[in-house]
Amino acid sequence: MSQRFYITTPIYYVNDKPHIGHTYTTVLADVIARHRRMMGAEVYFLTGTDEHGQKIEKTAAARGMTPKALADEVMPNFRKLWERMEITHDYFVRTTDAQHKAVIQERFKQLLGTGDIYKDTYTGLYSVSDEAYVTETQAKEMQDQGLAHQLVELKEESYFFRLSHYENWLIQLYEQYPEFVQPDFRLNEVKQFVAPGGERGNLEDLSISRTSISWGIPVPGDDKHVVYVWFDALLNYMSACREGFWPPSVQLVGKDILRFHAIYWPAFLMAMFREAGDDLDGPLPLRIREQLPHTILAHGWWLMGEDKMSKSKGNVVRPEELLRFGNDAARFFFMREMQVGLDRSFSFEGFMDRLNADLANGLGNLASRTLSMLQRYRRGVIPAAEVLDAQDQEVLAAGRAVGPAYLAKAGANDFHGALDLLWVHLRQLDGYIVKAEPWKLAKDETRKDKLDTVLCQLYRALRLTAVLVAPVMPDLAQQLWASLGLAGKVADQRFEAFQYEAPAPAPVAEPAPLFQRIDKEAVMQAETQTTEPAAAPAVQEEVPLDLPALKDEIAYDTFDLMDLRVGHVLTAERVPKSKKLIKMTVDVGFETRTILGGIGMAYEPEDLVNRQVVVVANLAPRPMMGSVSHGMLLCASDNNSKPYLVAPPDDAKPGFVVR
Ligand code: MSP
């Protein structure tokens, strides 16, 4: 029976559309999943959305909709993006699924029965942003970081999980099975949290229900409480697991949610899997360890400058901005640039530089040179390497070593390191071509063997590269594979069965460029023309106002010619091929209008729907990008800043006159 491999991503909150932080986690999981399949494992890959809790409740209330309606609206953004990025998950779980809800309630009851959950009163501090009660030490840390405003005092009846009882087993888990948290320096952080300085007795019981929130799964038999969002969310890995795949092999998390996954999650599982005779103060039974995730893999953050990229900071990069250069490009960049565990600052220029250097030049160039030489000198038929001089031997030895070295790193989830050493080899091959000068060899019949050897070795290296990078760049790898004259799908290859020196089966095809070089200058120029400078600054800087000069005086009657009305935006969508234009239908009281506004750099269409706006209602219709705009929306800005929509109060009805 083949080995089974169960991999998960965190489930994403539906109060935001995906940004590249979320995208990175999912792509890393997908690359690992694809890699394991090519290692011959039977993989179950789970992702989904986290749809309960205060954040969702609040966002929905602010938008005047029910939390479920918000979840139904936002969730498809994730699904569609994963489809576009060729994510190969087997299942997409939603915490609002009935099946998930049933599992939560059943497990809650189980732990009530064993006494691992009990009812008490909580008095203390609560962090609104983390949706978690905080200890005094944590509260102090938050105050020091200037986050005191996120703390509120609470006194409420609550159900508690006896986390304190599991401290002994947790510490043994970290000590005896250090692979439980990777990379290892992240394990140290967890240990420090559970037993700072090796000192015991720090873990307090965890409140796992809320009466202050209504959007959640009711506690069975006591429905003024809803189950705490993390008890609900973490158990998705259980409720949506496929039979025969338990326990999880690798669970991906960002460092911000490591504590929940490396402390609470195994403690919940210990409580669920322990048996009556088990001694919580004794050794951690192997039987229990075998029911826990094998590894929680914690990655770092994508930063903008020094700051975490996040919606609340308004400094996010959306995946679409990378996907314009292709899915493979975005996936490759994530894997190549980010060392799992560490933070990395994002720059768009760095992104383009990396692609040009590694894909357009690097691999792309090597592939097109090799393929065209094979066409030109050998009519596409791959020669054998029979006579090898010292230089050829060196390349052969490196070529034989690079596959196993790559697989060792990738098998340890280090794709950054793996790609790095593969690209070192590709550069070595560039040097090999330069030194061997095949164009001269081709003119000398007596050097035929040497030319055969050079071409054969280049061919082998490309074939190996196609197989190794298939999990990272599925389409580019397939294109390379096919252009090498190889049949079938590269993703169906098994690393184990791959033979570096296998004979080439068929003549190679005509070369087509693997990756189009990006004209960086042109892209940067287009960006500066279309991006308004004030768009989402990472740090709020004092920007001097750039106010236009006052216009000439007009008579009152001239002003009175303008008919300004309150409007209510009913629908909004982007105008294809335009970064700025949004097409809206607006209720202006006496009729519904189509109005186009150049506000797409400052607002998302979904931010506009249901808003009250001020409409210049008697403006002559203006054709714009294939549609006609019947009026204009009033916005405030200086010469530089983004437009801010002028907003009448909500109780001003559509059609009201603005004076
Ligand atoms: N819903 C919880 C997870 C529950 S799992 C049982 C959650 N959701 S989230 O949408 O806020 O974040 C999901 C993942 O995205 C986390 O792993 C988080 O670390 C990751 N990222 C969010 N911003 C990020 C960056 N800027 N960089 C990299 N990843 C980050 O937390």
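Everything that follows concerns the structure shown earlier in this document.
Residues numbered from 1 in each chain as written. Predicted model: local features only at pLDDT ≥ 70, side-chain atom pairs only at ≥ 80, totals over all residues. Heavy atoms only, no water.

Asks: How should the sheet that holds strand E19 (residues 592–597) be read in this particular structure?
Replies: Hydrogen bonds along the backbone pair up the strands of a sheet, which may run parallel or antiparallel. Judged by pairing direction, the sheet is antiparallel, and its five strands sit side by side in the order E19-E18-E17-E20-E23 without closing on themselves. Where the open sheet ends on each side, the last strands, each with one partner, are E19 and strand E23 (632–633). With two bridges joining them, strand E20 (residues 612–616) and E23 adopt antiparallel strand pairing. Residue pairing for E23: Val616 is matched across the bridge by Met632. (Pairing = 2+ DSSP bridges. Helix = DSSP H or I, 4+ residues; strand = E, 2+ residues; numbered from the N terminus.)

Asks: Could you clarify how one ought to interpret the packing of aromatic side chains in this entry?
Replies: Centre-to-centre distance and the angle between the planes together describe a pair of aromatic rings. The tally for this structure, following the rule as stated, stands at 33 aromatic pairs. Both rings, one in Tyr24 and one in Phe334, keep their centres 5.9 Å apart while their planes meet at 75 degrees; by these two values the pair is edge-to-face. Of this pair, Tyr24 sits in helix H1 (residues 20–38) while Phe334 sits in helix H13 (residues 327–337), placing them 310 residues apart in sequence. Relative accessible area serves as the criterion here: at 1%, Phe334 is assigned to the buried category. Three or more aromatic residues joined by ring pairs form one cluster here, namely Tyr24, Trp302, Phe325, Phe333, Phe334, Phe346, Phe348 and Phe351. When the ring centre of Trp301 is taken as origin, the NZ or CZ atom of Lys255, which lies over that ring, is 4.3 Å away. (Phe/Tyr/Trp six-rings, centres within 6.5 Å; stacked < 30°, edge-to-face > 60°. Buried < 20%, exposed > 50% of the residue type's maximum accessible area, 1.4 Å probe, protein only. Lys NZ or Arg CZ within 6 Å of the ring centre and 35° of its normal.)

Asks: How do you make sense of the site of the ligand when you look at a structure like this?
Replies: Residues in contact with the ligand amount to 25 residues; listed here are only the nearest, Ile11, Asp50, Gly254, Asp256 and Trp302. In this structure, a nitrogen atom belonging to the ligand sits 2.8 Å away from a main-chain N or O atom of Ile11. Contacts to the ligand include Gly21, whose backbone N or O atom sits 3.4 Å from a nitrogen atom. Protein burial of the ligand: of its 660 Å² of free accessible surface, 95% is covered by the chains. Those elements giving two or more residues to the shell around the ligand turn out to be strand E2 (12–13), H1, helix H8 (229–234), helix H9 (236–239) and strand E12 (250–254). Its residues assigned to classes, the shell around the ligand comprises 13 nonpolar, nine polar and three charged. (Near = heavy atom within 4 Å. Polar contact = N/O pair within 3.5 Å; in protein donor to acceptor, adjacent residues only side chain to side chain. Areas by Shrake-Rupley, 256 points an atom, 1.4 Å probe, with all protein chains shown as cover. Nonpolar A, V, L, I, M, F, W, Y, C, P; charged D, E, K, R; others polar.)

Asks: What is the right way to look at the pairing of strand E18 (residues 582–587) in this model?
Replies: Consecutive residues of a regular strand have side chains that alternate between opposite faces of the sheet. Residue alternation in E18 divides its side chains into a buried set, Ile582, Met584 and Val586, and an unburied set, Lys583, Thr585 and Asp587. Where strand E17 (residues 564–574) lies against E18, six bridges are found, and the strand directions are antiparallel. Bridging from a neighbouring strand, Ala572 pairs with Met584 of E18. Following E18, the chain reverses through four residues before pairing antiparallel with E19; Gly589 in that reversal takes a positive phi of roughly 95 degrees.

Asks: Looking at this structure, how should I read the packing of H13 against helix H16 (residues 415–436)?
Replies: Each packed pair of helices is defined by two parameters, the angle between the axes and the distance between the axes. At their nearest, the axes of H13 and H16 sit 6 Å apart, and the two run at 100 degrees to each other. On the basis of their axis angle, the class for H13 and H16 is roughly perpendicular. Here Phe332, Met335, Arg336 and Glu337 of H13 lie close against H16, whose contacting residues are Phe415, His416, Leu419, Asp420 and Trp423. Its residues assigned to classes, the contact of H13 with H16 comprises five nonpolar, one polar and three charged. (Axes fitted to C-alpha atoms, helices over the stretch in contact; angles between N-to-C directions. Parallel < 35°, antiparallel > 145°, perpendicular 65-115°, else oblique. Contact = heavy atoms within 4.5 Å.)

Asks: What is the right way to read the pairing of E12 from this model?
Replies: Buried residues dominate E12, accounting for five of its five residues. Residues of E12 alternate between two faces, with Val250, Leu252 and Gly254 on one and Gln251 and Val253 on the opposite face, all of them buried. Relative to E12, strand E1 (residues 4–8) runs parallel, the two being bridged by two bridges. Residue pairing for E12: Thr8 is matched across the bridge by Gln251.

Asks: I would appreciate a short explanation of the nonpolar core in the present structure.
Replies: For soluble globular proteins, the rule of thumb is that nonpolar side chains tend to be buried together. Ile7, Phe334, Met335, Phe346, Tyr406 and Trp423 are the most contacted members of the largest nonpolar core, which has 107 residues in total. Beyond its immediate stretch of four places on either side in the chain, Tyr406 contacts His35, Phe415, Ala418, Leu419, Leu421, Leu422, Leu468, Val469 and Val472. Of all hydrophobic cores here, the second largest spans 64 residues; its members include Phe108, Leu163, Tyr166 and Phe245. (Core = buried A, V, L, I, M, F, W, Y, C linked by side-chain atoms within 4.5 Å.)

Asks: Can you help me understand the sheet that holds strand E6 (residues 132–134) in this one?
Replies: Across the sheet, four strands lie side by side as E6-E5-E7-E9; this open sheet has antiparallel pairing. At either margin of the open sheet sits one strand with a lone partner, and together these are E6 and strand E9 (206–207). Bridge analysis of strand E5 (residues 117–127) against E6 gives three bridges, and the strand direction is antiparallel. Counted as the bridge partner of Ser127 is Ala132 from E6.

Asks: I tried to follow the pattern of salt bridges on my own but got confused; where do I start?
Replies: It is possible for side chains of opposite charge to pair when their charged atoms get near one another. What the rule picks out here adds up to 40 salt bridges. Residue Lys17 is joined to Glu604 by a salt bridge in which the shortest nitrogen-to-oxygen separation is 3.2 Å. Here Lys17, found in the loop between E2 and H1, pairs with Glu604, found in the loop between E19 and helix H22 (605–608); they are 587 residues apart in sequence, far enough to count as distant. A relative accessible area of 25% means that Glu604 is categorised as partly exposed. A salt bridge links Asp278 to Arg287, with the shortest nitrogen-to-oxygen separation between them at 2.6 Å. Taking relative accessible area as the criterion, Asp278 reaches 16% and is therefore assigned buried. (Salt bridge = Lys/Arg side-chain N within 4 Å of Asp/Glu carboxyl O.)

Asks: Would you mind showing me how to read helix H3 (residues 67–84) here?
Replies: Under the 1.5 Å per step criterion, the end-to-end length of H3 is 26 Å for 18 residues, consistent within 8% with the ideal 26 Å. Every buried residue of H3 is listed here: Pro67, Leu70, Ala71, Val74, Met75, Phe78, Leu81 and Trp82. Buried residues in H3 make contact with E2, H1, strand E3 (42–50), helix H2 (54–62), strand E4 (91–94) and helix H12 (319–323). Positive phi shows up at Glu86, right after H3, with a value of about 55 degrees. (Expected span 1.5 Å × (residues − 1).)

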